[in-house]
Amino acid sequence: MAIGNNVYTYRWTGPNGFVSNLANPIITNITAANAGSYQVTITGVTGCEAIGIVEVAISNTPVTPDLIIPSTVCSDESVSIGTSIVLQNTNITYQWYSGNVANSTLIGTTTTPSLSLGVLPTGIYSYFVIIEVDGCTSSASASETVEVIEIPEAIVADPNPPAICEGESIELTTFVSGTDLTYRWTGPNGYSSDVQNPPIIENATINNAGVYQLVISRNGCASEPAVVNINVRVQPEQPTLSYSGAACEGGTITLTMNVTDATAYHWRTPDQSEQITVQNTLTLNDVSAALAGNWTGFVTKAGCRSETAIPLEVVVNANPNLSISANPSPICENNELQLTASPIIDGATYEWTGPNGYSAVGINPIIENITSENAGTYTCNVTTDAGCTNSTTT
């Protein structure tokens, strides 16, 4: 090197056999073997020398870090990224980047091996980390991704359906659907189902009443439970029918159900027509043969119906037919008068009354030696063995 009229020569020596005659040599791709004392000898044209020594310290390049990050998190969870590389050095800095090495953004630096990102919007994110120690930087870690999964919302079709009666069905439904969703229904009496719309629960009992819960999950991210409140009302007791007994046409019959706490009593006639009372009795006046036959019924309470009662046969006996005559008519005194009743009914009793205190029992009584005192109206009353009566006069 020439400065003014002076010419100098340079000789560098150093570790690992280093030699150079340049004034300002550059050592490329240094390693720890290049650390140590470097000496330069400068010689002028007069032969005078100057010697200088410099100490070069070389730090190792930091190890390439890994990046620790969950592969998936739920949308309500805080995301943290970190590395397993922990160096005991006060001059260490962790540089955190989003994206990949070719296209990245520095999102933070820390002196500890982790960074909290907080709660992130749903989506897929990539991150990597670089370590700097004493001014030396590591290679970038591999870029790792995390998917933030949206938590589904569980919605039931009807959270408070109308109360049902024992024996009716329960239907659980949600309109939330998706191929990436899983479903979990739970409820009373050990109930569980893993399908979106479970099979209908048939013939419900009191044991099926209570709260049913639905949790919907997407890739392990579970919703808050949605609930369905099922109220199952007790079915009223099946009634037993009884009645006051057989009656004659025109008489009165009282039907009774043994259940006393029902809201309404439904009575089914033999021709399947229906009468409804709020008492457990039904009185039938002026009965006819049309009311004879099998009666059934059921009760209702709190909107629930009992099973139908076993049929009860109600008997209505017919009143007897009766016609009478007196022969001969007109009749002369001292002759016989024949009274006649028809038809002849087995087991029936025929009772006659007439003028002058007349009375007789029988189908065809005879009045002998008739006089004017026997003239007048004669009445016959017939009574069957069922107690049904009819009367007529002549």
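Just so it is clear, the model here is predicted, and its values are computed rather than measured.

A. Layout of the sheet that holds strand β37 (residues 379–383). Spatially, four strands are ordered β35-β34-β37-β38 in an open sheet, and the strand pairing comes out antiparallel. Bordering the open sheet on either side are β35 (358–361) and β38 (389–393), each of which pairs with just one other strand. Recorded for the sheet is a direction-independent mean angle of 15° between the axes of neighbouring strands. In this sheet, β37 lies alongside strand β34 (residues 349–354) in antiparallel orientation, the contact comprising five bridges.

B. How the structure looks around the packing of aromatic side chains. Applying the stated rule across the entire model yields five aromatic pairs. Centre to centre, the rings of Phe18 and Tyr38 are 5.5 Å apart; their planes meet at 65°, and the pair counts as edge-to-face. Of this pair, Phe18 sits in strand β4 (residues 18–20) while Tyr38 sits in strand β5 (residues 36–43), and the two are 20 residues apart along the sequence. The pair Phe18 / Tyr38 is uniform in exposure class, with both members buried. Measuring from ring centre to ring centre gives 4.9 Å for Tyr97 and Phe128, while their planes differ by 5°; the resulting arrangement is stacked. With Tyr97 in strand β9 (residues 92–100) and Phe128 in strand β12 (residues 123–133), this residue pair connects regions lying 31 residues apart in the sequence.

C. Representation of the pattern of salt bridges in the model. Across all of its chains, the model carries four salt bridges by this definition. A salt bridge links Asp180 to Arg218, with the shortest nitrogen-to-oxygen separation between them at 2.8 Å. One end of the pair, Asp180, is in the loop between β15 (164–165) and β16 (181–187); the other, Arg218, is in strand β18 (residues 210–218), and 38 residues separate them in sequence. Taking the shortest distance from any N to any O, the salt bridge between Arg184 and Asp194 comes out at 2.9 Å. Of this pair, Arg184 sits in strand β16 while Asp194 sits in the loop between β17 (191–193) and β18, and the two are 10 residues apart along the sequence. What makes Asp194 exposed here is its relative accessible area of 51%.

D. Main features of the environment of Cys165. By the element assignment, Cys165 lies in strand β15. For the pair Cys165 and Cys304, spaced 139 residues apart in sequence, the C-alpha separation works out to 5.5 Å. Setting aside chain neighbours within four positions, we find Cys165 in contact with Val232, Arg233, Gly303 and Cys304.

E. Representation of the environment of Ile370 within the structure. You can see Ile370 is positioned in the loop between β36 (366–367) and β37. Considered as a pair, Ile370 and Ile164 are 206 residues apart in the sequence and their alpha carbons are 81 Å apart. Ignoring anything within four residues of it in the chain, the contact list for Ile370 reads Ile331, Cys332, Glu333, Asn334, Asn335 and Leu337.

F. Inspection of the pairing of β12 at higher detail. Bridging between β9 and β12 involves seven bridges; their strand directions are antiparallel. Directly across from Gln95, in β12, lies its bridge partner Ile130. Bridge analysis of β12 against strand β14 (residues 144–149) gives five bridges, and the strand direction is antiparallel. For Ser126, the partnering residue across the bridge sits in β14 and is Thr145. Pairing geometry for β12 and strand β13 (residues 136–137), over two bridges, is antiparallel. Across the sheet, the residue bridging to Val133 is Cys136, located in β13. Linking β12 to β13, which pair antiparallel, is a turn of two residues; within it Asp134 sits at a positive phi near 50°.

Basis of the calculations
Residues numbered from 1 in each chain as written. Predicted model: local features only at pLDDT ≥ 70, side-chain atom pairs only at ≥ 80, totals over all residues. Heavy atoms only, no water. Pairing = 2+ DSSP bridges. Helix = DSSP H or I, 4+ residues; strand = E, 2+ residues; numbered from the N terminus. Axes fitted to C-alpha atoms, helices over the stretch in contact; angles between N-to-C directions. Phe/Tyr/Trp six-rings, centres within 6.5 Å; stacked < 30°, edge-to-face > 60°. Buried < 20%, exposed > 50% of the residue type's maximum accessible area, 1.4 Å probe, protein only. Salt bridge = Lys/Arg side-chain N within 4 Å of Asp/Glu carboxyl O. Contact = heavy atoms within 4.5 Å.

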